[in-house]
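# Overview (structure and organization)
Now for the letters of each chain:
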Amino acid sequence: MSSKKSDFGLIGLAVMGQNLVLNVESRGFQVSVYNRTTDKTDEFVAANPGKKLVGCDTLEAFVQSLALPRKIQIMVKAGAPVDQVIEQLIPLLDKDDIIIDGGNSLYTDTERRDAYLSSKGLRFIGAGVSGGEEGARKGPAIMPGGPASTWEVMKPIFESIAAKVDGQPCVIHIGPGGAGHYVKMIHNGIEYGDMQLICEAYSLFKAAGFTTDEMAAIFNEWNEGDLQSYLIQITGKALEQKDPETGQPLVELILDKAGQKGTGQWTLINAAENAVVISTINAAVEARVLSSQKKQRVVASQQLQGPKPDLSAAKKDLVAKVHDALYASKVISYTQGFDLIKTMGEKKQWGLDFGGIASIWRGGCIIRARFLNRITDAYRTDPALVNLMLAPFFKDLLNQTQQNWREVVALAVSNGIPVPAFSASLAYYDSYRSERLSANLLQAQRDFFGAHTYERIDKPEGQFFHTEWPEVIG
Ligand SMILES: NC(=O)C1=CN([C@@H]2O[C@H](COP(=O)(O)OP(=O)(O)OC[C@H]3O[C@@H](n4cnc5c(N)ncnc54)[C@H](OP(=O)(O)O)[C@@H]3O)[C@@H](O)[C@H]2O)C=CC1
Ligand SMILES: O=C(CO)[C@H](O)[C@H](O)COP(=O)(O)O
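Residues numbered from 1 in each chain as written. Chains lettered and ligands numbered in written order. Predicted model: local features only at pLDDT ≥ 70, side-chain atom pairs only at ≥ 80, totals over all residues. Heavy atoms only, no water.

## Examining the overall build of the chain
Formally: Helix numbers and strand numbers start at the N terminus; a helix is a DSSP run of H or I with at least 4 residues, a strand a run of E with at least 2. Radius of gyration here is computed from C-alpha atoms only, and the compact-globule reference equals 2.2 Å multiplied by the residue count raised to the power 0.38. When accessible area is computed with a 1.4 Å probe and restricted to protein chains, residues below 20% of their type maximum are described as buried, those above 50% as exposed, and intermediate ones as partly exposed. The contact definition used throughout considers only heavy atoms, calling two residues in contact when any of these lie within 4.5 Å. Calculation of accessible area relied on Shrake-Rupley with a 1.4 Å probe; when residues are assessed, cover is drawn exclusively from the protein chains displayed.
Along the backbone of the chain there are 19 helices and 9 strands. Computed over the C-alpha atoms, the radius of gyration of the chain is 25 Å, within 12% of the 23 Å expected from 2.2 N^0.38 for a compact globule of 474 residues. Its C-alpha atoms put the chain at 80 × 65 × 50 Å along the principal axes. Out of the 474 residues belonging to the chain, those deemed buried represent 50%. Summarising the internal contacts of the chain: among those between residues at least 6 apart in sequence, 68% fall at separations of at least 24. For the chain, the exposed area adds up to about 22500 Å²; of that, 53% sits on carbon and sulfur atoms.

## Focus: the side chain of Q73
Within the element layout of this structure, Q73 appears in strand β4 (residues 71-74). The class for Q73 is buried, based on a relative accessible area of 3%. When neighbours within four sequence positions are excluded, Q73 is seen to be in contact with F8, G9, L10, I11, L20, I100, G102, V129 and F158.

## Let's talk about helix α19 (residues 439-450)
The line we're drawing: Working rule for helices: expected span equals 1.5 Å times residues minus one.
Here α19 spans 16 Å end to end across 12 residues, near enough to the 16 Å set by a 1.5 Å rise per residue. Two residues or fewer past α19, A451 is found with a positive phi of approximately 50°.

## Some thoughts on the packing of helix α11 (residues 263-273) against helix α12 (residues 279-292)
Each packed pair of helices is defined by two parameters, the angle between the axes and the distance between the axes. Our working rule: Here an axis means a line fitted to C-alpha atoms, over the contact stretch when the element is a helix, while the angle between two N-to-C directions is reported on a 0 to 180 degree scale. Convention used here: angles under 35 degrees read as roughly parallel, angles over 145 as roughly antiparallel, angles from 65 to 115 as roughly perpendicular, and any remaining angle as oblique. Left-handed describes a crossing in which the near helix is turned anticlockwise from the far one by less than a right angle; the clockwise case is right-handed. Each residue is assigned to one of three groups, with Ala, Val, Leu, Ile, Met, Phe, Trp, Tyr, Cys and Pro labelled nonpolar, Asp, Glu, Lys and Arg labelled charged, and all others, Gly among them, labelled polar.
Between α11 and α12, whose axes approach to 10 Å, the crossing angle comes to 135°. Considering their axes alone, α11 and α12 lie oblique with respect to each other. The way α11 lies across α12 gives a crossing that is left-handed. In this structure, α11 contributes G264, Q265 and L268 to the contact, and α12 contributes I281, N282 and V285. When its residues are assigned to classes, the contact of α11 with α12 shows 3 nonpolar, 3 polar and no charged.

## So, the site of ligand 1
The condition that has to hold: In this text, near means that some heavy atom of the residue lies within 4 Å of the molecule or strand in question. Polar contacts, as used here, are pairs of N or O atoms within 3.5 Å; protein pairs need one atom able to donate a hydrogen and one able to accept it. Residues neighboring in sequence count only if both atoms are side-chain atoms.
What surrounds ligand 1 is a group of 21 residues, the closest being M16, N35, T37, K40 and Q84. At 3.4 Å from an oxygen atom of ligand 1 is found a main-chain nitrogen or oxygen belonging to V15. One of the backbone nitrogen or oxygen atoms of V76 is found 3.3 Å away from an oxygen atom of ligand 1. In isolation ligand 1 has 890 Å² of accessible area, and contact with the protein removes 80% of it. Elements with a minimum of two residues in the shell around ligand 1: α1 (15-26) and α4 (80-89). Top contributing element to the shell around ligand 1 by residue count: α4, with 3 residues. Its residues assigned to classes, the shell around ligand 1 shows 10 nonpolar, 7 polar and 4 charged.

## Describing empty space enclosed by the protein
Put simply, the rule reads: Any residue with an atom within 4 Å of a point lines the site, the site being either a cavity, points on a 1 Å grid over the protein atoms alone where a 1.4 Å probe fits but cannot get out, or a pocket, an open set with protein on both sides within 12 Å along at least 5 of 7 lines. Grid points are joined across faces, edges and corners, and a volume is the space filled by probe spheres set on the points.
The final tally for this structure, using the stated rule, is 2 cavities of 30 Å³ or more. Computed from the structure, the largest cavity encloses a volume of approximately 60 Å³. Considering the residues around the largest cavity, the lining is formed by D194, L197, I198, L227, S229, L231, I232, L326 and K330. Secondary-structure elements contributing two or more residues to the lining of the largest cavity are α8 (179-208), α10 (230-240) and α14 (315-348). Examining the composition of the lining of the largest cavity, we find that 3 residues originate from one element, α8, more than from any other. Residues of the lining of the largest cavity, tallied by class, amount to 6 nonpolar, 1 polar and 2 charged. Looking at the second largest cavity, the residues that line it are N104, S105, H181, K184, M185, T263 and W266. For the lining of the second largest cavity, the secondary structure elements donating two or more residues are α8 and α11. Per-element accounting of the lining of the second largest cavity gives the leading share, 3 residues, to α8.

## A word on the sheet that holds strand β6 (residues 123-130)
Under the convention used in this document: Should DSSP find at least two bridges between two strands, the strands are taken to pair.
Read from one edge of the open sheet, 7 strands run β3-β2-β1-β4-β5-β6-β7, paired in mixed fashion. Looking at the sheet topology across the chains shown, the edges are occupied by β3 (53-55) and β7 (141-145). Taken over all neighbouring pairs, the strand axes of this sheet differ in orientation by 25° on average, direction set aside. Bridge analysis of strand β2 (residues 31-34) against β3 gives 3 bridges, and the strand direction is parallel. Residue pairing in the sheet places V31 in a bridge with L53 of β3. The sheet strands contacting α8 are β5 (98-101), β6 and β7, and the helix crosses β6 at an angle near 15°.

## Some remarks on the site of ligand 2
The following threshold applies: Here the criterion for a molecule occupying a pocket or cavity is that more than half of its atoms lie within 2 Å of the pocket grid points.
In the vicinity of ligand 2, the contacting residues are N104, S130, K184, H187, N188, E191, Y192, Q260, K261, R288 and I366. Measuring from an oxygen atom of ligand 2, one finds a side-chain N or O atom of E191 at 3.2 Å. The side chain of R288 places a nitrogen or oxygen atom 2.8 Å from an oxygen atom of ligand 2. The fraction of the free accessible surface of ligand 2 (370 Å²) that becomes covered by protein chains is 79%. Judged by the fraction of its atoms near the pocket grid, ligand 2 is located in the second largest pocket. Among the residues making up the shell around ligand 2, the classes are represented as 2 nonpolar, 5 polar and 4 charged.

Spelled out as structure tokens, the structure:
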């Protein structure tokens, strides 16, 4: 073991932890590592000879191997394991040591841990990390939350390991307390939306008779244009992949039951609590839920009738139309995600920098995409922007794409092809741009059955009226 104290320590050597350690080490730092199952520590260190790694079989040895103030990142399963590791660390640490939780923790857990560790004289950063295995190794996007003074201590390491776009590291101090994990949660919600929109494009192409290789070529081409993004890129690559056993496109052999670990659902709960509409993300989460009910769907497919999907007649223009439907729906999804971030940021007084958040998502993370430059510009031009759709670039884009977007949704609906995220996005757009909705009738209904009162268009706002409606129960 090196006699020099390590610059950084990491607990939790699963896929993310291992790759982050290699990333930090590659930037010139010595890193101590610990994993509950100690064989994994030994295997990891043995698999990486010649690197500045210090493998530790006990937490005591791990803590003692670190330079003061200690900087310890936890990369274990989110939830109770994080609390367990923290409890084990507390008696071993000195005042002002820093614990960083880099997992997908719920932001309210982060707030609780922040207050608890602060009461023990320790410093805490809750940092969302995105980029998967490859991002962790080569440069993730990092969303750290916690005291600004603690961020300053961590900044050199975080900035050196983060992805770079235009020379800028994909990490900024998001805000105090749980702000970092909150923004990571919304990132994941948006990730769900992006993925579902791509899957809806795929289902339309399938119904039009495109082969898997043709679809791969479409996504590869889209990745050269406005839709350029990591998720479009990997979709093209995934569609190209052949199953070694059968030679068939692998994607067509994968069971259509989506998994989820919970960050999308947390986003929905938070949106409901804050009365913010995130219908595209909502549709994406619910699409995963319905997909997972495979047995029920198989039974229903034999009992519930609908049109037989056939878009072959529309095949010629379909690629351009679906491109626009996807692009417009994606704008809506980010509009809703940023609306939620803005609402919570204001409620919690986090002082969030929306342009900065969009800018660090341009690299390293799963939702990295060319069009995040446009969101960055929109918020840098007008940090108080009420709704992203109203920024000049997005307003024009939605005007230009909407005819194709409407045609795609109409085509899907008339062919019985579920496009919940495309259609929810379009409904949001049409609702938001409606000067008058049907809520006048809804208010009448509320007043009718519950004397809930209503306002009138011909009287000042804030005056409430009640009508003695006719009795309907004899
Ligand atoms: N995988 C991904 O692409 C991404 C994951 N994340 C998040 O990063 C974190 C780590 O993810 P990932 O690398 O996938 O690993 P996992 O979420 O699969 O967690 C496995 C690690 O947690 C450790 N662990 C589990 N329970 C305990 C416990 N009670 N005490 C101590 N250690 C425990 C395991 O140790 P042992 O070996 O002993 O079982 C192992 O090191 C998670 O919060 C995840 O949500 C974030 C971005 C992307
Ligand atoms: O955090 C991530 C990327 O940023 C993970 O990849 C994400 O947790 C995957 O979520 P799910 O398993 O729910 O699809």
